[in-house]
Structure formats: C-alpha cells, structure tokens
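Residue strings, one per chain:
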Amino acid sequence: MNSIYDKVVQALKQAENHNSQVMVKPEVILWPDPENQWKEVIGVLHEAMPQLLIYGKYDPAKKQGPAIWLKCMIAKALPEANWEADAIPIIYLPGVAKSDLRNVENAVFNFQPLLEYQYTGTLFIQENGREWSILAFVENPNYGLGIKVAKDNATKEALRKTLPSIFQDREVLANKTMIDADYLNNQLFPDIIPTILKWMCKGDVLLNTMDAGKREVFSNLCKSQYEFEPDHKNIKAIAEKLGAQKNSWKYVWQLYATAPHKYPEIEGLLRLAKPAELGYGMFALPDESWPQVNEQKEEALAQALSKAAKQDALKALVTLQDLEKEHSVRRNWVWFELGKSPMADALHYLVQMATKANETFSSSSIEAIKNYYTTNGFSVDQFMRKALAAVKSEKDKTIVKSIIHLFYQPWLENITNKFQKLVEQDASIFTTQKAVAETESFVLFVDAFRYELAEEFCKRLAKYKLKVSLQASWSAIPSLTPTAKPNVSPIATAISIQSGFAEFRPQLQNRKDLLTPVFREELNTAGFKFVTQAKDIQGEGKYWQEIGDIDTKGHEEQADMVKRIEELFDQVQEALDVAFERGIKRIKIVTDHGWLLLPGCLPKTQINVGLTETRWGRCALIKEGATTDLLHLPWRWNPSIYIAYAPGISFFKVNEEYAHGGISIHECLVPTLIIENPNVLNIETEVKIVEWVNLRCTIQTSDVPDGYSVDIRTKYNDAKTSIVISKSKILKGNTATLMVDDGYESEAATIVLLDENERILDKKPTTVGG
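I will try to describe carefully the structure that is included in this document.

Procedures and definitions
- Residues numbered from 1 in each chain as written.
- Predicted model: local features only at pLDDT ≥ 70, side-chain atom pairs only at ≥ 80, totals over all residues.
- Heavy atoms only, no water.
- Helix = DSSP H or I, 4+ residues; strand = E, 2+ residues; numbered from the N terminus.
- Buried < 20%, exposed > 50% of the residue type's maximum accessible area, 1.4 Å probe, protein only.
- Areas by Shrake-Rupley, 256 points an atom, 1.4 Å probe, with all protein chains shown as cover.
- Polar contact = N/O pair within 3.5 Å; in protein donor to acceptor, adjacent residues only side chain to side chain.
- Contact = heavy atoms within 4.5 Å.
- Axes fitted to C-alpha atoms, helices over the stretch in contact; angles between N-to-C directions.
- Parallel < 35°, antiparallel > 145°, perpendicular 65-115°, else oblique.
- Nonpolar A, V, L, I, M, F, W, Y, C, P; charged D, E, K, R; others polar.
- Pairing = 2+ DSSP bridges.
- Salt bridge = Lys/Arg side-chain N within 4 Å of Asp/Glu carboxyl O.
- Phe/Tyr/Trp six-rings, centres within 6.5 Å; stacked < 30°, edge-to-face > 60°.

Within the protein chain, the regular secondary structure consists of 27 helices and 25 strands. The dimensions of the protein chain, computed from C-alpha atoms along their principal axes, are 130 × 65 × 35 Å. Buried positions account for 51% of the 770 residues belonging to the protein chain. Looking at the protein chain as shown, the accessible area adds up to about 35900 Å², and 48% of this sits on carbon and sulfur atoms.

Shown next as structure tokens:
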C-alpha cells in the first residue's frame with residue numbers, strides 16, 4: 001500500500017510528462033494551494049524532490065523565497081539550486097489560487113514575476129481544473145489513493161490536522177475503503193482512552209501540556225466518541241459515564257480496571273458520582289463501578305463471618321460456602337486489585353481451609369500422618385496463613401481469627417495430639433538419627449523454612465526452567481535452632497553425641513562449644529566456604545550460605561509474620577539467582593525446624609519454674625530428680641539427657657501465637673530441596689550502560705549472542721512486573737531502546753539481561769527517567 005507521500009511524489013513526477021514532438025519541456029511546475037492544506041508536509045517532500053521551491057519569505061534553508069529569488073533559482077544562478085539538470089523545478093504556492101495566476105491586472109507587485117510561468121510551465125492541479133485539496137487527492141483513483149472520504153467539515157478538518165502524522169504512513173490507510181473524522185482523529189490521538197483517564201485525574205494541567213491542535217482533536221474525540229466536553233466543571237457527570245460503562249465508556253473502564261493504580265484520583269471521582277439509585281434489570285448500572293457498593297458488601301461479609309464463627313463447624317462451613325458464591329465475583333472487581341476487598345480475599349482462603357480441615361485422615365502410623373500432611377494436609381496451613389495475610393485492620397483480623405479458631409485450631413490440635421501419641425509409642429524417627437557426610441557442594445540454609453512454605457516455593461519455581469525435587473525428613477529435637485541447625489550442616493559428623501548441655505547447644509568432638517565463630521571455623525575445616533556476598537562464590541568449590549529471618553519475625557511479630565512470607569520467598573529466589581549467575585549448577589536447600597502458628601494464642605500449659613533447669617516455650621530441661629507427666633525424649637546430641645515437651649499445641653508461656661521447639665509435624669517435619677539449573681552459562685555477560693531520556697531508556701550490554709533481550713521490571717525475577725511498553729526487547733548490536741509506561745516515572749526498577757530462554761544473566765538497579 002502506498003502512502004499519501006508516495007502518491008504525491010508520483011503525481012508530481014507525472015506532471016513533468018510532455019510530448020516533446022508537439023510541445024517544449026515545461027520550465028516549471030506551479031502548485032497552487034489556496035487554503036494552505038499541504039503546507040505542513042512540504043518539508044518532507046524536499047528529501048525526495050530537491051527541486052521543490054516555496055513562494056514566501058526568504059529562507060534559503062527551506063528553499064523558500066520571494067518571486068525574484070525563485071526566478072534566480074529556476075535559472076540555477078544560485079548555489080542552492082542543487083537538483084539534477086533534467087529535473088523540472090516545482091514552485092509551491094501557499095495561499096495562492098489558480099485564479100490568482102489569471103488575474104494579472106490585480107496581482108501584487110511581488111508576485112507578478114511568477115505569472116509568466118503559467119504560460120511557460122504547467123500546473124499541478126486536478127483533471128477538472130481545480131486545485132488539489134487533501135480530500136480530493138485521497139479520493140482520486142488515478143493520482144491518489146482511491147479512498148472515499150466523508151464530506152462533513154469535521155472530516156475535512158481532521159484530514160488537514162492529521163496529514164503530517166499519516167503522510168508517510170503506508171499502513172494507516174491500507175485496506176480502507178472509507179475514512180471519516182473519528183478514524184483520522186484516532187490516528188493523531190491513538191492513546192485517547194488513557195488520555196481521558198489522565199484528564200479526569202489532572203484536568204486542565206494535562207490539557208496545558210498539549211499544543212492547540214492536539215487539544216482541539218482531544219476535545220473533538222471526547223465529544224464525538226464519548227459524548228462529553230472536557231470541562232472539569234462537569235467531572236461528576238463524566239465520572240458517572242465511566243461508572244455506567246455504556247457504549248465507548250466500557251473500553252475506558254476496561255483500561256482503568258487493568259491498571260487502577262495509575263489513576264488514583266478515579267476512585268474519589270466515582271465515589272462522588274455514584275447515583276442514589278443504580279436502577280433495576282437491564283437498565284441497572286453495574287455494582288462493580290462504585291467503591292461504596294464494594295464497601296457495603298465488605299461490611300455485610302464481615303458481619304456474616306462474625307455470625308458464622310458462633311455456629312457449629314458443619315453449619316458454619318455451609319455458611320462460608322454460600323458466602324463464597326455470593327462474594328467471589330468481587331475478586332474480579334477493580335477494588336480487589338486496589339486492595340479494598342480484604343474480606344473477599346480472605347474468604348477465598350477460609351473456605352478452602354475449612355473444607356480441608358474437615359476432611360478425615362489416616363493416623364495409624366507416623367508414616368501415614370506424614371503422607372497425609374505432605375500430600376494434602378499442608379494446604380490447610382497455607383490457606384490459614386493466606387487468609388490472615390489478606391486482612392490488615394484489627395477489626396478484620398479479629399473476624400478472620402475467629403473463623404480460624406473454629407476450623408483450624410481443632411484440626412491443628414487433632415493432628416498434633418495424634419502425632420505425639422505415636423511418637424510416645426515409638427520415637428525412633430528422632431532417636432535413630434545419624435550424622436552423615438555432606439555430599440552436595442552448595443548448601444543454602446533457610447531459617448525456619450516450614451514444609452508448607454517449601455511446597456509453595458516449589459510451585460513458584462515451576463515457571464523457571466529448573467529441575468526441582470522436594471523431600472521431607474525429621475528435624476533433630478528439640479526443634480530449636482541451636483540443636484537442629486547443626487544437624488543439617490556439613491559439620492554434623494564433627495559434633496559429639498555426648499555433648500554437654502548448654503541452652504540446647506552441642507559441642508564438637510574436640511569439646512568446643514558450638515557458638516557461631518566455632519561453627520564457621522568448623523565449616524572451613526570441612527572445606528566449606530561461608531558465603532556472605534555474591535563475590536564469595538567462585539564457581540567450583542564447596543559453599544554454605546545462610547538466609548532468612550522468618551523465625552525472628554515470628555517471635556517479634558507473632559501472627560503478623562504471615563505478611564513476611566513473600567519477602568522470604570524473594571530472598572530465597574535472589575540467593576538462587578545469584579548462585580546460578582556465579583556458575584553454580586546444583587543447590588541444596590535445608591532448614592532447621594518448622595513452627596506452630598495459631599492466631600489468637602496457643603493454649604498455655606503450666607509448669608513449675610522450680611522444676612526446670614532451662615525452659616523454652618515448647619520444651620524444657622527438667623531438674624534431676626523432679627517428676628512431671630510431660631512427654632520426655634532424648635536430646636539429639638546426648639541421648640542420656642531427656643527433654644520434656646509441652647502437650648499438644650500448648651505453650652509454657654502465655655499470649656504466644658508463634659512457637660517451635662515442641663513435638664508436632666509442623667515443627668519437626670522439615671523439607672530438603674535439590675534445585676538444579678542444567679543450563680548454567682559460562683558466558684560473561686553484563687548490563688554496561690544505562691541512559692535515560694525522559695521515559696526512553698537506552699541499554700548497552702557486553703557482547704551477547706543473537707536472541708538475547710533486556711527488560712525493565714519492578715521485581716527483577718517476575719516478568720509480570722515489566723513496565724516496558726515497547727513491542728520488542730531484543731538486543732541489536734548489544735543495544736536496545738525501551739519505552740516505559742509513564743505511570744512509573746521516578747520509580748525504582750531493575751534492568752535485567754535475559755538469554756533466549758528468558759533466564760536472567762545480569763541485573764542493574766535504575767530509576768525510571770534517570
């Protein structure tokens with residue numbers, strides 16, 4: 001498909017044609033344009049036609065000048081006359097009609113020298129003798145594009161204003177048989193919908209950033225397609241149109257709903273614009289548009305859940321299921337995306353928690369309980385945790401906790417009591433543990449990485465091209481860091497099983513107390529390097545790395561620690577990425593213990609302080625000669641020392657929601673993950689140069705193979721957080737230029753370098769816009 005530019009050039013060259021047998025070669029071609037319709041694109045034509053001259057004020061750089069200067073140019077008496085000898089000069093005459101050339105008597109003095117050219121030259125006009133208008137040229141099937149154009153004034157004006165934008169575009173009119181003002185204006189303003197939303201947020205401040213022409217086109221599009229005048233005095237009525245989602249406004253709503261954070265003022269406008277009545281039946285306005293409706297439904301859900309918490313479990317489960325049917329649709333509303341529907345979010349998890357907690361499971365053996373938990377039971381913990389993480393206010397937390405107590409606490413007590421009874425009968429899963437030499441080269445220790453967290457993290461890893469295996473085993477007891485961490489470390493074989501007791505901390509076989517400096521020293525003796533920063537990882541070798549503070553957060557923040565889980569996952573992911581970037585191919589993840597979490601508080605078991613040598617939350621060392629009814633089991637690092645454990649899920653202290661150190665599947669079942677990256681590259685690649693010009697970012701990298709790309713993300717390891725709007729992110733000549741969504745200006749982001757399989761090879765922090 002030819003562009004208008006292509007056809008104009010062709011038509012002007014056709015105007016040069018003459019029959020040399022009957023007429024002489026035209027001296028010039030005159031192009032009259034009485035309405036100045038072509039004036040804005042003449043400069044573009046100069047590139048293809050250096051013989052194109054312009055009648056007007058003297059400006060030789062534009063090949064523009066008065067009549068006498070033009071005659072000198074045509075005579076090639078000036079150096080600016082640089083066209084080929086056989087090319088016929090063209091004089092573009094802005095503001096001059098064909099009839100002005102005939103009116104010799106009334107022609108102004110400055111124009112008279114050009115009048116002779118109507119006799120010695122030829123005119124660039126239509127076959128019917130009229131001047132070429134843009135509309136006539138586009139419609140003309142012989143010289144132009146043969147496309148029908150609406151004849152209304154709005155289309156004529158739009159055609160004139162959009163000509164500079166579409167003049168050289170071969171696609172904009174391709175396969176079109178008819179064009180009108182709306183189509184043309186949308187070409188000049190392709191981003192009309194986001195601009196409407198921005199205008200609703202910013203008003204005249206946005207309009208003042210546009211030139212007069214673009215402002216007029218914006219106003220015309222608003223009136224013709226969206227039925228409103230962009231006047232912020234009428235913003236309430238305009239916001240109501242957005243909320244009504246009718247006709248073209250449904251597309252405006254769809255864009256807002258996909259990225260509501262970019263338009264924060266819209267919520268307040270919709271709140272202002274909500275009608276007193278939303279109507280009924282087919283004429284009803286959508287509930288989802290109005291924040292007040294969502295708030296009313298949130299309050300109704302909160303009240304319903306409070307009532308359900310007072311019912312028996314079976315009846316409450318039916319209530320939860322009915323509420324889920326009613327409120328699940330709100331998770332598709334924009335208010336859910338904005339975090340304004342926490343109860344609807346929590347409900348989703350509460351229903352699943354309650355359903356799973358009500359299912360029966362086999363407890364005939366420790367192995368049966370383990371199989372149940374690792375295949376199904378762990379999801380009860382996940383749903384409980386996510387339900388609690390969904391709510392923020394104390395009021396909402398209280399309601400969610402009441403449902404958790406109704407369903408989760410009985411399930412937690414049941415599985416823990418059954419597990420403890422089985423361990424009391426046979427504790428061999430703990431008492432037969434033997435230290436073995438570490439066979440893996442890279443061990444990543446993640447503190448308190450409970451089994452259900454490991455399950456969820458494995459699902460997160462599914463989007464990466466990694467080989468992942470997850471195994472469950474038993475922690476050392478008591479399930480406290482001083483005891484359990486050494487058991488999963490490469491120095492386990494160096495620890496004495498006749499250790500003296502010092503706050504559950506063992507000694508090495510050389511009798512050194514296993515304090516942190518001693519632990520690290522022994523790691524070095526075992527050939528493992530303790531990793532504190534990325535540069536410590538130097539390819540082949542043996543490494544031990546420690547990350548995570550979820551246990552600390554649990555003790556400090558209690559049930560509020562559930563909001564820290566995503567942070568923990570990000571830390572683990574970053575540790576993996578760094579190790580793989582440094583050439584590690586296989587990583588083993590281990591942990592020391594799990595934990596109990598019961599929002600509200602764990603039940604308390606009274607123990608006389610005078611009976612204990614050492615008392616922690618879920619375990620204690622009883623003084624020699626003292627007797628209790630508590631479960632006693634041998635300490636991992638000295639079987640002659642027995643530790644007493646709190647019964648069930650109880651705690652030796654009051655008002656605690658988070659605990660570990662006891663005997664439960666939650667505390668003692670620990671995951672081991674093996675993560676392999678079979679495609680670790682040995683290519684040295686990096687992001688070298690980052691340059692911002694407004695929202696355009698130019699990125700240069702080291703030499704990389706074809707197919708590599710770059711991206712800009714708010715979370716470097718999550719492709720969904722890309723803020724790039726450019727169609728292509730592929731590097732060409734180790735360089736790429738990306739455009740970023742303007743809603744992220746001045747925000748922190750990360751530039752990532754990716755191979756052809758979208759594996760991250762390098763990353764560099766940046767600030768959008770520089």
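Summarising the element assignment, N734 is placed in the loop between β22 (709-713) and β23 (735-739). A relative accessible area of 18% means that N734 is categorised as buried. Here D703 takes part through its side chain, which lies 2.7 Å from a polar atom of the side chain of N734. The residues touching N734, leaving out its near neighbours within four places in the chain, are I699, Q700, T701, S702, D703 and V704.

Right, let's talk about the packing of helix α19 (residues 366-389) against helix α22 (residues 451-461) for a bit. Relative orientation and spacing of two packed helices are given, respectively, by the angle between their axes and the distance between those axes. At a minimum axis distance of 9 Å, the contact between α19 and α22 shows a crossing angle of 90°. As far as their axial angle goes, α22 and α19 are roughly perpendicular. Contacts from Y373, T374, F378, D381, Q382, R385 and K386 of α19 reach α22 at Y451, E452, L453, E455 and E456. Taken together, the residues that form the contact of α19 with α22 break down as four nonpolar, two polar and six charged.

Of all seven residues making up strand β24 (residues 748-754), six are buried, and the element is well covered by its neighbours. Here β22 runs beside β24; their pairing, made up of five bridges, is antiparallel. Across the sheet, the residue bridging to D711 is V752, located in β24. Pairing of β24 with strand β25 (residues 760-767), which is carried by seven bridges, proceeds in the antiparallel orientation. Paired with L753 across the two strands is D762, which belongs to β25.

Time to look at the pattern of salt bridges. For the structure shown, the criterion picks out 39 salt bridges. The shortest N-O distance in the salt bridge between K588 and E438 comes to 3.1 Å. Within this pair, whereas K588 is found in strand β12 (residues 586-590), its partner E438 is found in the loop between α21 (428-431) and β8 (442-446), the two being separated by 150 residues in sequence. Classification of K588 by relative accessible area gives buried; the value is 17%. Linking E521 and K512 is a salt bridge whose minimum nitrogen-to-oxygen distance equals 3.2 Å. You can call E521 partly exposed: its relative accessible area is 43%. Judged by its relative accessible area of 36%, K512 falls in the partly exposed class.

Counting across every chain of the model gives 29 aromatic pairs. Arranged with centres 5.2 Å apart and planes meeting at 70°, the rings of W31 and Y92 form a pair that is edge-to-face. You can see W31 sitting in strand β1 (residues 29-33) and its partner Y92 sitting in strand β4 (residues 90-94), a full 61 residues away along the chain. For W31, a relative accessible area of 0% translates into the label buried. Classification of Y92 as buried rests on a relative accessible area of 1%.

Two pairing modes exist for strands in a sheet, parallel and antiparallel, and in both the strands are linked by backbone hydrogen bonds. The three strands are arranged β20-β21-β23 in an open sheet whose pairing can be described as antiparallel. Only two strands of the sheet have a single partner each, and these edge strands are β20 (687-693) and β23. Averaged over all adjacent pairs, the angle separating strand axes in this sheet is 20°, with direction ignored. Direction of pairing for β20 relative to strand β21 (residues 696-701): antiparallel, over a ladder of six bridges. Residue pairing in the sheet places V693 in a bridge with R696 of β21.

A word on the sheet that holds strand β16 (residues 631-635). The four strands lie next to each other as β14-β15-β17-β16, forming an open sheet whose pairing is antiparallel. For this open sheet the edge positions go to β14 (612-615) and β16, each flanked by a neighbour on one side alone. The mean inter-strand angle of the sheet, taken between neighbouring strand axes irrespective of direction, is 35°. Summarising the sheet, β14 and strand β15 (residues 619-622) pair through three bridges and their orientation is antiparallel. Opposite R615, over in β15, you have A620 as the bridge partner.

Bringing the environment of N638 into the picture now. You can see N638 is positioned in strand β17 (residues 638-645). Given a relative accessible area of 7%, N638 falls into the buried group. Non-local contacts of N638, meaning those with residues more than four positions away in its chain, are made with I497, Q498 and S499.

Let's shift gears to α22. Most of α22 sits inside the fold, with nine of its 11 residues counted as buried. Tucked into the core, α22 has its buried residues touching α19, β9 (467-474), α26 (565-581) and β19 (669-676).

This part covers the side chain of S3. Along the chain, S3 falls in the segment before α1 (4-14). For S3, the contacting residues outside a window of four places in its chain are L145, F167, Q168, D169 and R170.

What follows deals with the environment of L576. For L576, the location among the structural elements is in helix α26. Assessed through its relative accessible area of 0%, L576 is described here as buried. Sequence-wise, L576 and L444 are 132 residues apart; in three dimensions their C-alpha atoms are separated by 8.7 Å. The residues contacting L576, other than those within four sequence positions of it, are L444, F457, L461, I587, I589 and I675.

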